[in-house]
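Examination of the molecular architecture
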Amino acid sequence: MHIREFCNGIQLGEAASRNVADYCMNERDYTELRRHFQTDRHAFFQHVTGVAGYRQQLLYLFVRLAIDVYEEYRVRGIADNVYFDTFSDIRIWSEVCYRDYGEYGIEEYNWLQEHVRLRLFRLGRLQFQPIAIEGDLKAGGLTVEKNQLVLNVHIPEGDPLAPQEVVHSFSLARAFFRGIPSVFVCQSWLLYTGLDQILKADSNILQFQRLFQIYEIDEASKEAEQRIFNRVAADPSEYGEETSLQRAAKAYLQAGGRLGRGSGIYVPV
């Protein structure tokens, strides 16, 4: 797997791909940084983020680390489309970095380490991450006991959250993670029950939310505002109104409403 092939596979833009291809790092330095990442990730990130231009360096490093695990994907019999779909997060977060900092790079480095450690996979529209539950969870008639292995669901930015695509993703996950019970948990602003105040009943988001039994609400979370407006402002009047969701959310917040985060459990029948 070469850099250009990988960048094409995750549909990384031409400017970002050129930055990666032209980045100057000799193999000796890369090998040492990879060893550092594998042995002490906390110290690795402290070291890398302490130098100028670290976001561009992290983009290069994550591309290289992703390429390095390609053979492991093949050994495990995981299809190339799953490989490229999973690492398309590098493209997504490099574009977020450009939006926020004016350069193609990576700022969400803690998140992307899960991908190169083969602890998270994108299957269709959704991402799935096997985790052990830290404490007993109860919602409706569902109970998940402490230490039970479940699949944590993440929703990457991008395509609409179409119900048929969501159902397909859960079906793919049940087949992919054959040794793990089909119990899905999710912590997201998309599961905040107050969203029914700003969204139509047939919205994709609310249809996704209804799959889950909600067991916890975090009213203090600002995740919804960050995701909807790409930033968090002290005064809601400062938010933009470029989309119908932004306009509805802004009006709701200005009227004294609150947007938090929900946590839920989903067990397909």
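Look up a bit, the structure's there.
Residues numbered from 1 in each chain as written. Predicted model: local features only at pLDDT ≥ 70, side-chain atom pairs only at ≥ 80, totals over all residues. Heavy atoms only, no water.

Below, the discussion takes up the pairing of strand E5 (residues 149–154). Summarising burial for E5: 5 of the 6 residues are buried, a large majority. Of the pairings in the sheet, the one linking E5 to strand E6 (residues 184–188) comprises 2 bridges and is parallel in character. Residue Leu-151 lies in a different strand from E6, and its bridge partner there is Phe-184. (Buried < 20%, exposed > 50% of the residue type's maximum accessible area, 1.4 Å probe, protein only. Helix = DSSP H or I, 4+ residues; strand = E, 2+ residues; numbered from the N terminus. Pairing = 2+ DSSP bridges.)

Here we take up the packing of helix H3 (residues 27–39) against helix H4 (residues 41–48). Relative orientation of the contacting elements H3 and H4 amounts to 135°, with a least axis distance of 6 Å. In terms of orientation, H3 lies oblique with respect to H4. For the pair H3 and H4, contact is made by Leu-33, His-36, Phe-37, Gln-38 and Thr-39 and by Arg-41, Ala-43, Phe-44, Phe-45, His-47 and Val-48, respectively. Along the lines of polarity and charge, the residues of the contact of H3 with H4 split into 6 nonpolar, 4 polar and 1 charged. (Axes fitted to C-alpha atoms, helices over the stretch in contact; angles between N-to-C directions. Parallel < 35°, antiparallel > 145°, perpendicular 65-115°, else oblique. Contact = heavy atoms within 4.5 Å. Nonpolar A, V, L, I, M, F, W, Y, C, P; charged D, E, K, R; others polar.)

Another point: the side chain of Glu-225. Take Glu-225: it is sitting in helix H11 (residues 223–229). Its relative accessible area of 4% is what places Glu-225 among the buried residues. Here Tyr-239 takes part through its side chain, which lies 2.4 Å from a polar atom of the side chain of Glu-225. Those residues in contact with Glu-225, other than ones at most four positions away along the chain, are Asn-230, Arg-231, Val-232, Ala-233, Tyr-239 and Leu-253. (Polar contact = N/O pair within 3.5 Å; in protein donor to acceptor, adjacent residues only side chain to side chain.)

Moving on, we get to the pairing of strand E8 (residues 261–266). For a regular strand, side chains alternate in direction, first toward one face of the sheet and then toward the other. Buried residues dominate E8, accounting for 5 of its 6 residues. Sheet topology note: the E6/E8 ladder contains 5 bridges and is antiparallel. Counted as the bridge partner of Phe-184 is Tyr-266 from E8. Here strand E7 (residues 213–218) runs beside E8; their pairing, made up of 5 bridges, is antiparallel. Each residue of the ladder has a partner; that of Asp-218, found in E8, is Arg-261.

A few words on the packing of helix H5 (residues 54–68) against helix H8 (residues 109–116). Their axes nearest at 10 Å, the elements H5 and H8 cross at an angle of 15°. Regarding the angle of H5 to H8, the classification is roughly parallel. The element H5 and its partner H8 pack so that their crossing is left-handed. On H8, the residues that touch Leu-58, Phe-62, Leu-65 and Ala-66 of H5 are Tyr-109, Leu-112, Gln-113 and Val-116. The class makeup of the residues in the contact of H5 with H8 is 7 nonpolar, 1 polar and no charged. (Left-handed = near helix turned anticlockwise from the far one by under 90°.)

This part takes up the nonpolar core. Of all hydrophobic cores here, the largest spans 75 residues; its most connected members are Phe-6, Phe-62, Tyr-83, Phe-87, Ile-90, Phe-170 and Phe-208. Ranked by residue count, the leading element in this core is H5, at 10 residues. In contact with Phe-208, other than residues within four places in its own chain, are Leu-126, Val-153, Ile-155, Leu-161, Val-166, Phe-170, Cys-186, Leu-190 and Leu-191. (Core = buried A, V, L, I, M, F, W, Y, C linked by side-chain atoms within 4.5 Å.)

Moving on, we get to the pattern of salt bridges. By the definition in use, this model includes 17 salt bridges. Between Arg-261 and Asp-218 there is a salt bridge, with the nearest N and O atoms lying 3.9 Å from each other. Separated by 43 residues along the polypeptide, Arg-261 in strand E8 and Asp-218 in strand E7 bring together distant segments of the chain. One network of salt bridges, with partners in common, ties together Arg-4, Glu-14 and Arg-18. (Salt bridge = Lys/Arg side-chain N within 4 Å of Asp/Glu carboxyl O.)

On to the packing of aromatic side chains, then. Working definition: an aromatic ring pair is given by the centre-to-centre distance plus the angle between the planes. According to the stated counting rule, one finds 27 aromatic pairs in the structure shown. Considering the side-chain rings of Tyr-23 and Tyr-60, the 5.0 Å spacing of their centres and the 25° angle between planes classify their relative orientation as stacked. Here Tyr-23 is found in the loop between helix H2 (14–22) and H3, whereas its partner Tyr-60 is found in helix H5, with 37 residues between them in sequence. Residue Tyr-60 is classed as buried on the basis of its relative accessible area, which comes to 4%. Measuring from ring centre to ring centre gives 5.3 Å for Phe-37 and Phe-44, while their planes differ by 80°; the resulting arrangement is edge-to-face. Each of the two residues, Phe-37 as well as Phe-44, counts as buried. Clustering of aromatic rings is evident, with ring pairs tying together Phe-6, Tyr-70, Tyr-73, Tyr-83, Phe-84, Phe-87, Phe-121, Phe-176 and Phe-177. Over the aromatic face of Tyr-101 sits the side chain of Arg-55, whose NZ or CZ is 3.7 Å from the ring centroid. Looking at Arg-64, its charged tip hangs above the ring of Tyr-30, at a distance of 3.9 Å from the centre. (Phe/Tyr/Trp six-rings, centres within 6.5 Å; stacked < 30°, edge-to-face > 60°. Lys NZ or Arg CZ within 6 Å of the ring centre and 35° of its normal.)

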